[in-house]
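What follows is each chain in one-letter form.
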Amino acid sequence: MPFLQNSKIANKYRVALSTITRWIEQAELGNNNLELGTSNNKLRIIDNQNNIAELERLAEKSRVYKPQAGLKEHTVDSYFYEVFTVSEQLELFTDLKNKKQINLKYYYKNGGAELWNKDYFNSFGKIKDQNQHLLDNSFESIKYLIKNKSINIIDIGTGNGYPVKDLIEAIKPQNYIGLDISPEMLDLAQGNIKKWYPDLAIKTIVTDFERTQPQQLLLSAKNNDSTNLILLLGHTICNLSTPISSLLNIRSGMLEDDILVFTSSLDTISNRSNLDYVKGIEGKDEYAWIPRLLGVDVEECRLKLVYDGNSKRKVKSLVLDKDYKVNFTIDGIKYNVLLERESELIRWQHYLFDIHELINLVHQSGFEVKQISADQKGENVLVICKAKY
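Residues numbered from 1 in each chain as written. Predicted model: local features only at pLDDT ≥ 70, side-chain atom pairs only at ≥ 80, totals over all residues. Heavy atoms only, no water.

A few words now on the overall build of the protein. For the protein, the count of helices and strands is 16 helices and 15 strands. A compact globule built from 389 residues should have a C-alpha radius of gyration of about 21 Å, and the protein, at 24 Å, falls within 12% of that. Once the C-alpha set of the protein is aligned to its principal axes, its extents read approximately 80 × 50 × 40 Å. Of all 389 residues assigned to the protein, the portion counted as buried reaches 52%. (Helix = DSSP H or I, 4+ residues; strand = E, 2+ residues; numbered from the N terminus. Rg over C-alpha atoms; globule rule 2.2 N^0.38 Å. Buried < 20%, exposed > 50% of the residue type's maximum accessible area, 1.4 Å probe, protein only.)

Quick look at the pattern of salt bridges now. With the rule as written, the count across this model stands at 23 salt bridges. Two residues, Glu73 and Lys325, come together in a salt bridge whose shortest N-O distance is 3.9 Å. With a gap of 252 residues between them, Glu73 in strand S3 (residues 71-75) and Lys325 in strand S11 (residues 323-330) connect regions that are remote in the sequence. Residue classification places Lys325 among the partly exposed residues on the basis of a relative accessible area of 24%. (Salt bridge = Lys/Arg side-chain N within 4 Å of Asp/Glu carboxyl O.)

Right, let's talk about unusual backbone geometry for a bit. In this model, Lys100 sits at a positive phi of 50°, which is unusual for a non-glycine residue. Topologically, Lys100 is positioned in the loop between helix H5 (86-99) and helix H6 (112-122). We note that Asp331 has phi near 55°; this positive angle belongs to a residue other than glycine. You can see Asp331 is positioned in the loop between S11 and strand S12 (333-339).

Below, the discussion takes up the nonpolar core. Membership of the largest hydrophobic core comes to 38 residues, with the highest contact counts inside it found for Phe80, Phe84, Ile102, Ile290, Leu294 and Phe328. Taken together, the elements giving at least two residues each to this core come down to helix H4 (78-83), H5, H6, helix H10 (183-196), helix H15 (289-293), S11, S12 and strand S13 (344-351). Not counting chain neighbours up to four residues away, the residues in contact with Phe80 comprise Gln89, Leu92, Leu293, Leu294 and Phe328. With 29 residues, the next largest nonpolar core counts Phe209, Ile230, Cys238 and Val383 among its residues. (Core = buried A, V, L, I, M, F, W, Y, C linked by side-chain atoms within 4.5 Å. Contact = heavy atoms within 4.5 Å.)

Below, the discussion takes up the sheet that holds strand S9 (residues 302-308). As summarised here, the arrangement of the 3 strands in space is S9-S10-S13, forming an open sheet in which the pairing is antiparallel. The sheet terminates laterally at S9 and S13, the two strands that pair on one side only. The average angle at which neighbouring strand axes cross in this sheet is 20°, direction not considered. (Pairing = 2+ DSSP bridges. Axes fitted to C-alpha atoms, helices over the stretch in contact; angles between N-to-C directions.)

The subject of this paragraph is the environment of Asn117. By the secondary structure assignment, Asn117 is in helix H6. Setting aside residues no more than four positions away along its own chain, Asn117 makes contact with Asn160 and Leu188.

Residues with a pLDDT of 70 or more make up 94% of the protein, whose mean pLDDT is 89. Below a pLDDT of 50 lies the segment residues 279-284, which in the model reaches 17 contacts outside its immediate sequence neighbourhood of four places, other chains included. (pLDDT = per-residue confidence, 0-100.)

Our focus in this paragraph is the pairing of strand S4 (residues 150-156). Within S4, 6 of the 7 residues are buried, leaving the element largely enclosed by the surrounding structure. As paired strands, S4 and strand S7 (residues 226-232) are joined by 6 bridges and run parallel to one another. What sits directly across from Ile153, in S7, is Leu229.

What follows covers the packing of H6 against H10. Remark: H6 packs on H10, axes separated minimally by 7 Å, with the N-to-C direction vectors making an angle of 45°. Relative to H10, the element H6 is oriented oblique. Residue-level inspection shows Ala113, Glu114, Trp116 and Asn117 of H6 in contact with H10, the latter providing Glu184, Met185 and Leu188. (Parallel < 35°, antiparallel > 145°, perpendicular 65-115°, else oblique.)

What follows is about the sheet that holds S12. Hydrogen bonding along the main chain pairs the strands of a sheet, whether they run parallel or antiparallel. Spatially, S3-S11-S12 is the arrangement adopted by the 3 strands of the open sheet, whose pairing is mixed. In this open sheet, the two strands that pair with only one neighbour each are S3 and S12. On average, each strand axis in the sheet is inclined to that of its neighbour by 15°, with strand direction left out of account. Alignment of S3 against S11, held across 5 bridges, turns out to be parallel. Within S11, the position partnered with Lys72 by the bridge is Tyr324. Seen against the sheet, H5 touches S11 and S12 and runs at an angle of roughly 30° to S12.

Now for the environment of Asp258. In this structure, Asp258 sits in the loop between helix H12 (243-251) and strand S8 (259-265). Overall, the relative accessible area of 0% leaves Asp258 in the buried class. Taking the C-alpha atoms as reference points, Asp258 and Thr227, separated by 31 residues in sequence, lie 5.3 Å from one another. Beyond its immediate chain neighbours, meaning those up to four positions away, Asp258 contacts Lys222, Thr227, Asn228, Gly253, Cys385 and Lys386. Within the local environment of Asp258, its side chain forms a polar contact with the backbone nitrogen of Asn228, the two atoms lying 2.9 Å apart. One polar contact links the side chain of Asp258 to the main-chain amide nitrogen of Leu255, over a distance of 2.8 Å. (Polar contact = N/O pair within 3.5 Å; in protein donor to acceptor, adjacent residues only side chain to side chain.)

Attention now goes to a nonpolar patch on the surface. A grouping of Leu219, Leu255 and Tyr389 is seen on the molecular surface, where their side chains present a nonpolar patch of about 300 Å² in accessible area. On the secondary structure map, Leu255 appears in the loop between H12 and S8. Since its relative accessible area comes to 37%, Leu255 is described here as partly exposed. (Patch = residues over 30% accessible without salt bridge, like charges linked within 9 Å, V, L, I, M, F, W, Y side chains within 5 Å. Areas by Shrake-Rupley, 256 points an atom, 1.4 Å probe, with all protein chains shown as cover.)

For H5, spanning 14 residues, the distance from its first C-alpha to its last is 19 Å, which sits close to the expected 20 Å at 1.5 Å a residue. Those residues of H5 that are buried lie in contact with H4, S11, S12 and S13. Among the residues trailing H5, Lys100 stands out with phi positive, at a value near 50°. (Expected span 1.5 Å × (residues − 1).)

What follows is the structure, encoded as C-alpha cells:
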C-alpha cells in the first residue's frame, strides 16, 4: 500500500510537520476524512485521490484559520519602509507569503555590507582564494577575446572590489561600472578601487539585475571601439532564485563583441557537505536583522543547515519557535503573512550545478561558451562566454 511522505506533504502545502501530525491525530478521532494505514508501526496517510482532495481542504482551512495560542502578531515599523523601496517591500512580502524565504541580496543593505566586508578577510579564506586563482589564470584568455579594444568593466554584485583589483591592473579598462542592490556595498567597492586606481573612471549604480533588464545601462556604456566585460563573480549565480532569467536579462544588453565572465560552484560531495563557513558567517546574529524587523524572535528559533538533494541546493533556515502574523502597509495597501510554528524561514540558499547543467544553462540563456576552467579539485569553475548571434 503506497503512503504519502509527511515531509513532501509539508513542502507541497507549505505547512509545518506538526500540522500534519495534528491532522493524523484528528483523523484517528474521525474529525476529518483522511484515510490512514500503518507502516512500521506508525500511522501514515494513504496515497489516494480522496486523501489528496482532503489535504487540499485541510491546507486551505489552515491558511484561513490559525489557532491564537502562541501566536505573535507584529506590525513592521517605519524603519522597514526607510530601508527598502516599494518594489523591494513587495518582493519581500511575496517571497515570505509564497516561498517562506528572504532573498540573500537584501541582507547586504543597511549594515550588512560592512559585516560581509569583515568576513571577506576573516572567514571566506579558502573559497575566496580558489575563486581569485581561477580569475587570475583567465587574464590572457580575456585579453585574447577583447582583441585590443578599449574595455568597460561592468561588475554585477561588486562586493568590496577586491576580486577585480588584479584584473583591472592586467587589462587596464577605460571605465569601471559597479552594479549592486546595496548602496553600502557600492560605496565599499568605489572607495577601494578609487584608492588603488585614482585615474580610473568609476561609476556605481544601485540596481537589481534580477528584476530589471539592464539593456539600456549596458549599451550606454559602450562606444564604437569599446567592449563590455561583464563580471558575475563570487558564485553569485548560485544564489539566484532563477539563474536563467538573470542571465537572459544580462544577455539582452550585450552586443557581439561583449564578454560575460562568471563563477559557479559544482555539484560535488565536498561542496554538498561544506556548510562550516555558513555556520560561521551567515549564522551570526548580526545577519538576522531582517527577520528581527519582521518581529521574529531569532534567539528562540533553531538554525537549520542542510543539503537538499531534490533541489540540489544548500539551505540555511530558521525553524520558527511559534506562529507569527506579520502586518505590512505597502504603498498604502495593507497586507499580512502567516508563518507557522516549526515552519522553516529560508535565509540563504546556494544551488550546485553539474558541468552539463551549467553548459545547458549558458546555451539556453543565449550564450556560447568560450572557455571553462576548474580549480584543482573540480569544485569551482569560471566560465567565459559571449552572446550568440
